Amino acid sequence: MSDTQPRKIAYQGEPGAFSHQASKRWFGDFTPTPYPTFEAAFAAVTAGECQLGMIPVENSVAGRVSDVHHLLPNSGLKIIGERFLPIEMMLMGVPETTLDNIKVAASHAMALLQCRIALRDMGITAEVFHDTAGAARALSQTRELDRGVIAPEPAAELYGLKILKRNMEDARHNTTRFLILTTDDSVVEPEPDVDCMTSFIFRVRNIPAALYKALGGFATNGVNMTKLESYIENGVFASTVFYCDVEGRPSDPGLKRALEELIFFAVDVEVLGTYPLDPFRLSDGQK
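Here the structure is a predicted model, which means the values were calculated and not measured.

What follows covers the nonpolar core. One broad trend across soluble globular proteins is that nonpolar side chains are buried collectively. Ile79, Leu179 and Leu181 are the most contacted members of the largest nonpolar core, which has 26 residues in total. Elements that contribute at least two residues to this core include exactly helix H2 (38-46), strand E3 (52-59), strand E5 (77-86), strand E11 (175-183), strand E12 (196-204), strand E14 (236-247) and strand E15 (266-276). Broken down by element, the residue count for this core peaks at five residues, all from H2. Setting aside residues up to four positions removed in sequence, Leu181 forms contacts with Phe42, Val45, Gln51, Leu52, Gly53, Ile55, Leu72, Leu77, Lys78 and Ile79. Of all hydrophobic cores here, the second largest spans 24 residues; its members include Ala22, Phe27, Leu112 and Ile150.

Mapped onto the secondary structure, Thr142 falls in helix H6 (residues 132-142). Residues Thr142 and Val94 lie 48 residues apart in sequence; the distance between their C-alpha atoms is 9.4 Å.

Let's shift gears to the side chain of Thr198. If you trace the backbone, Thr198 turns up in strand E12. Residue Thr198 is classed as buried on the basis of its relative accessible area, which comes to 1%. Here Thr274 takes part through its side chain, which lies 3.0 Å from a polar atom of the side chain of Thr198. Residue contacts for Thr198: discarding those within four places in its chain leaves Cys244, Asp245, Val246, Gly248, Arg249, Pro250, Leu255, Val271, Gly273 and Thr274.

So, on to the packing of aromatic side chains. By convention here, two paired aromatic rings are described through the distance between centres and the angle between planes. In this structure the tally under the stated criterion is five aromatic pairs. Ring geometry for Phe84 against Phe280: centres 5.0 Å apart, planes inclined by 20 degrees, an arrangement best described as stacked. Placement of Phe84 in strand E5 and of Phe280 in the segment after E15 is noted, with a sequence separation of 196 residues between them. Note on accessibility: Phe84 and Phe280 belong to one class, buried. Members of the aromatic cluster, joined through ring pairs, are Phe200, Phe202, Phe218 and Phe242.

Let's shift gears to the environment of Ile201. Turning to its location among the elements, Ile201 is positioned in strand E12. For the pair Ile201 and Glu229, spaced 28 residues apart in the sequence, the C-alpha separation amounts to 9.4 Å.

Attention now moves to the packing of helix H8 (residues 210-220) against helix H9 (residues 253-265). Interhelical geometry of H8 versus H9 gives an angle of 170 degrees and a closest axis separation of 8 Å. In terms of axis orientation, H8 runs roughly antiparallel to H9. Facing Ala210, Lys213, Ala214, Gly217, Phe218 and Thr220 of H8, the residues of H9 in contact are Leu255, Ala258, Leu259, Glu261, Leu262 and Phe265. Among the residues forming the contact of H8 with H9, the class breakdown is eight nonpolar, two polar and two charged.

Let's shift gears to the sheet that holds strand E8 (residues 125-128). Paired through their backbone hydrogen bonds, the strands of a sheet run either parallel or antiparallel. Spatially, E8-E7-E9-E6-E10 is the arrangement adopted by the five strands of the open sheet, whose pairing is mixed. The open sheet has two edge strands with one neighbour each: E8 and strand E10 (162-165). Across the sheet, the mean angle separating the axes of adjacent strands is 40 degrees when strand polarity is ignored. Bridge count for strand E7 (residues 104-107) against E8 is four bridges, and the pairing is parallel. Paired with Ser107 across the strands is Val128, a residue of E8. The strands touched by H6 within the sheet are strand E6 (90-93), E7 and strand E9 (147-151), with E9 carrying the most contacts at an inclination of about 150 degrees.

Across the five residues that make up strand E1 (residues 8-12), a large majority, four, are buried. For the segment spanning E1, helix H1 (residues 18-26) and strand E2 (residues 31-35), crossover handedness is right-handed. Two strands pair when backbone bridges link them, and E1 and E3 are joined in this way by two bridges, in the parallel orientation. Bridge assignment links Ala10 to a residue of E3, and that residue is Gly53.

What counts, and where the lines are drawn
- Residues numbered from 1 in each chain as written.
- Predicted model: local features only at pLDDT ≥ 70, side-chain atom pairs only at ≥ 80, totals over all residues.
- Heavy atoms only, no water.
- Core = buried A, V, L, I, M, F, W, Y, C linked by side-chain atoms within 4.5 Å.
- Buried < 20%, exposed > 50% of the residue type's maximum accessible area, 1.4 Å probe, protein only.
- Helix = DSSP H or I, 4+ residues; strand = E, 2+ residues; numbered from the N terminus.
- Contact = heavy atoms within 4.5 Å.
- Polar contact = N/O pair within 3.5 Å; in protein donor to acceptor, adjacent residues only side chain to side chain.
- Phe/Tyr/Trp six-rings, centres within 6.5 Å; stacked < 30°, edge-to-face > 60°.
- Axes fitted to C-alpha atoms, helices over the stretch in contact; angles between N-to-C directions.
- Parallel < 35°, antiparallel > 145°, perpendicular 65-115°, else oblique.
- Nonpolar A, V, L, I, M, F, W, Y, C, P; charged D, E, K, R; others polar.
- Pairing = 2+ DSSP bridges.
- Right-handed = clockwise from strand over helix to strand, strands pointing away.

Pasting the structure below:
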């Protein structure tokens, strides 16, 4: 890429979405570039169309973001950072309507899950749309008085909508964790004095107590495991994959020994990235 060409960061969704907001907040010198699906955003980074990807992986209220765990392994991309974005959901409608008119609210499935109780208490029916900002754009075109959308505040200004109710999220600690991705050959090792997180996946061997034995090395070597999640791959229940986040670097003595023990009881161990811990983990927001 020429030095005169703008650097791009890929995200899933439309302008005004939370991923767009996260991209602008932390990578203001990159051009946020929207893609309709996670798969398309991954492909754009893999192909070199974009230098980075800003991908949501989990939310403190709604849980895991679907698709990402399936796309990341074998994608040729590596995690080089994490960011935590506090999420504030806005119920918005066209300027001509009022809150009492709203019967249906459209948004991304993850956003609707984060506002489930509020929508229920208000008697508003949730309707799944492919994207938060996309729902706002669609409403700006249809101009329906009895329909609203759940979206980030910037989407209201961007699509000419009116905010009818702020802070629709069911929990005030509502936070989404994003992963920053790049191609394998663009990874820069974190500085030696920086505290790191390492993410990896594995499958356990088909032997009794394999998972217990596979994880034992992390306990005996004093490695702090912050996340362990299983998911089914290719619809085969016998093919469970585990996604794991641990503090440290693979070169650290404790984590190195733990990974060596893991290999005795697991197969297809793949390190997805070693990257700096986000300061949010140590802030009051995580306590």
